[in-house]
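Summary of structural features
Here's the letter readout for the chains.
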Amino acid sequence: MTDSQLPQCSDDDADTNSSNNITLTDVVHSRLSRRQVLSGTAGTAALAMLGGLMPQAASARNTDLDARLFEHRSPRLGFDPVAKNRDDAVALPPDYRYDVLYALGDPIAKSVPDYRNDGTDDAASFAHRAGDHHDGMHYFGLGKYGNYSPKSSDRGLLCLNHEAITPAYLHPTGATIVDGVRTVADEVLKEFYVHGVSVVEIAKERDRQRNKWSSAYSYFNAHDRRGTEWAYEQNSPFNRRIHTLTEMKLSGPAARTSLMVTKFSPDGSKTRGTVNNCANGITPWGTYLTCEENWAGYFRRVAATDNPNRTAKELASLARYGVAGTGRELWATVTPDTDDNLYGRWNAMKLGSSEDGSDDYRHAPNTYGWVVEIDPFKPHSAPKKRTALGRFGHEGACLGPVKAGEPLVWYMGDDSRNEYIYKYVSNEPWNPRDADGGLAAGDKYLDDGKLYVAQFLPDGGGQWLELTFGLNGITADNAAYAFADQADVLVNARLAADAAGATKMDRPEWGAVHPKRGEVYFTLTNTNATARPIARVDAANPRFYNDKRTTGADQKGNPNGHIIRFAEDAGYADALSFSWDIFLFGARSTADEATVNVSGLSDDNDFSSPDGLWFSRANPGLLWIETDDGAYTDVTNCMLLAAIPGQVGDGEVTTITNVDGSSTQTVTTYVGKHLGERNLRRFLVGPKECEITGITETPDGRTLFINIQHPGEDTTPNFATSAFGSHWPDGGAARPRSATIVITRDDGGAIGIE
Ligand code: FEO
Ligand code: CA
Ligand code: CA
Ligand code: CA
């Protein structure tokens, strides 16, 4: 029997956090008494007083920073809001246009044929084609001599992630699976290639014409996408695909340890490939960070067979990361395997007899779940997995403020329900002379630092808990997991964060740092009643409601998500404490304002399930919000919104009364000032069944790039009639394709603002 694999949702997060971390309600009394602000009156009025004090206290500490901050004048939004819709198209405000720049299957090497998009394209050719499910990305300006040129707005290297796949559209009639086994090795090979990262040279038309005749750039023979002002260069020597077969170095404290030993690398120094690359990050030295998110599901580990062969510690680790199942794409089932275990390397069961794991892939999951550094300007360099940043479901790695003489900081979300927000702080202070240091600079700043996890307190404060062996309960006598050393802590960062007492969040996704204020924003995309029942609402995750679909179907929990933000104490990114509030709550504009639509959203700016989040650097103060939504899709496709935020503490203390049947939970929280249509507007609505994700701009702010991920992924395709969930971007009877689009303004002005 042959069956087609249905299109898959890529967001296969699993709640694997069974820790008994204290809730905010538990810690409120100790926190309040420590501050000695209240005496036995933990009511709303008392919290309101604290809330009122909070921003003031923060600004008193921030004298130096605030003086500079308030000099800054925010930009103003300058476009008409786009209406919600369910069209199979990209909708933009008047006076804006988009062009498709780089879509699934596009060839990026000489002599690779155009994409047929019918499932018959040669599997090996995908080593030189655009991958699937475009996600996080960054534009690096490219100089005349192939150098990093931060100000170049006409020519650049676009680095982008290919998070996952929609197998139905990659093969003639979906993936061939017979009795749970992948029987067509070439289909699997194609899937190996379409995951990972693209580095692709792009240029404006006029720049391409000029360079075409230059002997230095004789490779210019641009791939022609008619009508596109921007195009990628099919033959550029910078073009590169990094995928699940690319050899990578393991770097930092967990490299070359017993936890990383595999048959492929008996000394634990390297691994093959990267997978489920979701959001991204950058460094101040011109390299790209790709982040391995929901990687665990790719491994095959039949728990009932494997568990008896594992130690208690291994079992605790495997359970906490959710490494148990048949493997989401069944890659390990291909037979016969190759000599170098191309397929069997995805089998994480203990199959060999060695003590150290050098004869199988039992430790292979330990080589995934990292932030990976890539130097796009050195096409032959091996990417490095930076283990000092911890192993979890990395959504992204958002660079904090970069200041000479101060440590570098990256903020990171762990995208699964009930997971945490982390930050990494380099031990070395930033030296601007390392600005073109490439991967060697990465060795200096990304292999040597401290990892922290966030605890949000109910009084509007918070603290960073250090994840270092011997501290915060992360010890050999920890009851849940007996930590051995710092490598063990980093490989099992989730368990270390449990031990330290981190705050479980409603599924952390992207972080973004305000380029002027240094405040940090994080999307908490959504959660459901099973993962976070009403009894577990807290100040930082304060809503539980029923967001009924227009069909009348219940959606309980926090299906619309929210965006939290925090200001580090004294404005220092390496501070150990912070103040927070909730910037924005996702909701239908028609929902009750006291309990659900707490941010007062209107028809012009209501949204659900924020995911991508990114501050323009060219236009400081302009924030972009992208949605990955399943809850509001009865009304609208996913979208991109533009916002001009205020600052932490600019709103008010609010009490939300959550009701579910006979249960009532009242929570006091801190809600940012309502933005109104003036400061929050819908800028774009994507085609059917897509996610809007990934965002970057040219340094002049006049070209915006975003990704349309997996249009049509929810509908089972009918290949006989070419009935698909979407036909975007090619239209007609075509299969849908994930793609990068370029957005420009007719008058050539800055995107989104006046
Ligand atoms: Fe890949 Fe968290 O979205
Ligand atoms: Ca997705
Ligand atoms: Ca995401
Ligand atoms: Ca998501």
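The structure contained in this document is the topic of the report that follows. (Residues numbered from 1 in each chain as written. Chains lettered and ligands numbered in written order. Predicted model: local features only at pLDDT ≥ 70, side-chain atom pairs only at ≥ 80, totals over all residues. Heavy atoms only, no water.)

Among the residues of helix H8 (residues 312-321), those classed as buried are Ser317, Leu318, Arg320 and Tyr321. Looking straight down H8, one finds that the buried residues subtend no more than 165° of arc, so they occupy a single side. Tucked inside the fold, the buried residues of H8 contact helix H10 (486-491) and helix H11 (493-500). Just beyond H8, the residue with positive phi is Gly322, at close to 70°. (Buried < 20%, exposed > 50% of the residue type's maximum accessible area, 1.4 Å probe, protein only. Helix = DSSP H or I, 4+ residues; strand = E, 2+ residues; numbered from the N terminus. Arc of directions from axis to C-beta. Contact = heavy atoms within 4.5 Å.)

Another aspect to go through is the sheet that holds strand E36 (residues 739-745). Two orientations exist for strands paired in a sheet by backbone hydrogen bonds: parallel and antiparallel. Spatial strand order, E2-E36-E35-E34: 4 strands in an open sheet with antiparallel pairing. The open sheet has two edge strands with one neighbour each: strand E2 (96-103) and strand E34 (691-697). Taking each pair of neighbouring strands and ignoring which way they run, the sheet shows an average axis angle of 30°. By the bridge criterion, 5 bridges tie strand E35 (residues 704-709) to E36 in an arrangement that is antiparallel. (Pairing = 2+ DSSP bridges. Axes fitted to C-alpha atoms, helices over the stretch in contact; angles between N-to-C directions.)

Of all hydrophobic cores here, the largest spans 65 residues; its most connected members are Trp346, Trp410, Met412, Tyr422 and Leu467. Ranked by size, the runner-up nonpolar core spans 49 residues in total, among them Ala103, Trp614, Phe615 and Ile708. (Core = buried A, V, L, I, M, F, W, Y, C linked by side-chain atoms within 4.5 Å.)

Ligation of the calcium ion (ligand 3) by protein atoms is provided by Glu395 (OE), Glu509 (OE), Asp611 (OD) and Asp611 (OD), these donors lying 2.3 to 2.8 Å from the ion. Here the donor residues of the calcium ion (ligand 3) are spaced in sequence according to E-x113-E-x101-D. In this structure, the calcium ion (ligand 3) is positioned 3.9 Å from the calcium ion (ligand 4), and both are ligated by Glu509. Placement of Glu509 in strand E21 (residues 508-513) and of Asp611 in strand E28 (residues 610-615) is noted, with a sequence separation of 102 residues between them. Look at Asp611 and you get buried, because its relative accessible area is 2%. (Donors = N, O, S within 2.8 Å, 3.2 Å for Na, K, Ca; no water.)

Turning our eyes to something else, we now look at the packing of H8 against H11. Packing of H8 against H11 leaves a shortest axis separation of 9 Å and a crossing angle of 90°. Regarding the angle of H8 to H11, the classification is roughly perpendicular. Contacts between H8 and H11 pair Ala316, Ser317, Arg320 and Tyr321 from the former with Ala493, Arg494, Leu495 and Asp498 from the latter. Among the residues forming the contact of H8 with H11, the class breakdown is 4 nonpolar, 1 polar and 3 charged. (Parallel < 35°, antiparallel > 145°, perpendicular 65-115°, else oblique. Nonpolar A, V, L, I, M, F, W, Y, C, P; charged D, E, K, R; others polar.)

Scanning the entire structure with this criterion turns up 41 salt bridges. We note a salt bridge from Arg301 to Asp306, for which the minimum N-O separation is 2.9 Å. For the pair shown, Arg301 and Asp306 are each scored as buried. The salt bridge involving Arg310 is made with Glu314; its shortest N-O contact spans 3.4 Å. On the basis of relative accessibility, which here comes to 8%, the residue Arg310 falls in the buried class. One connected set of salt bridges, linked through shared partners, spans Arg320, Asp414, Glu419, Arg494 and Asp498. (Salt bridge = Lys/Arg side-chain N within 4 Å of Asp/Glu carboxyl O.)

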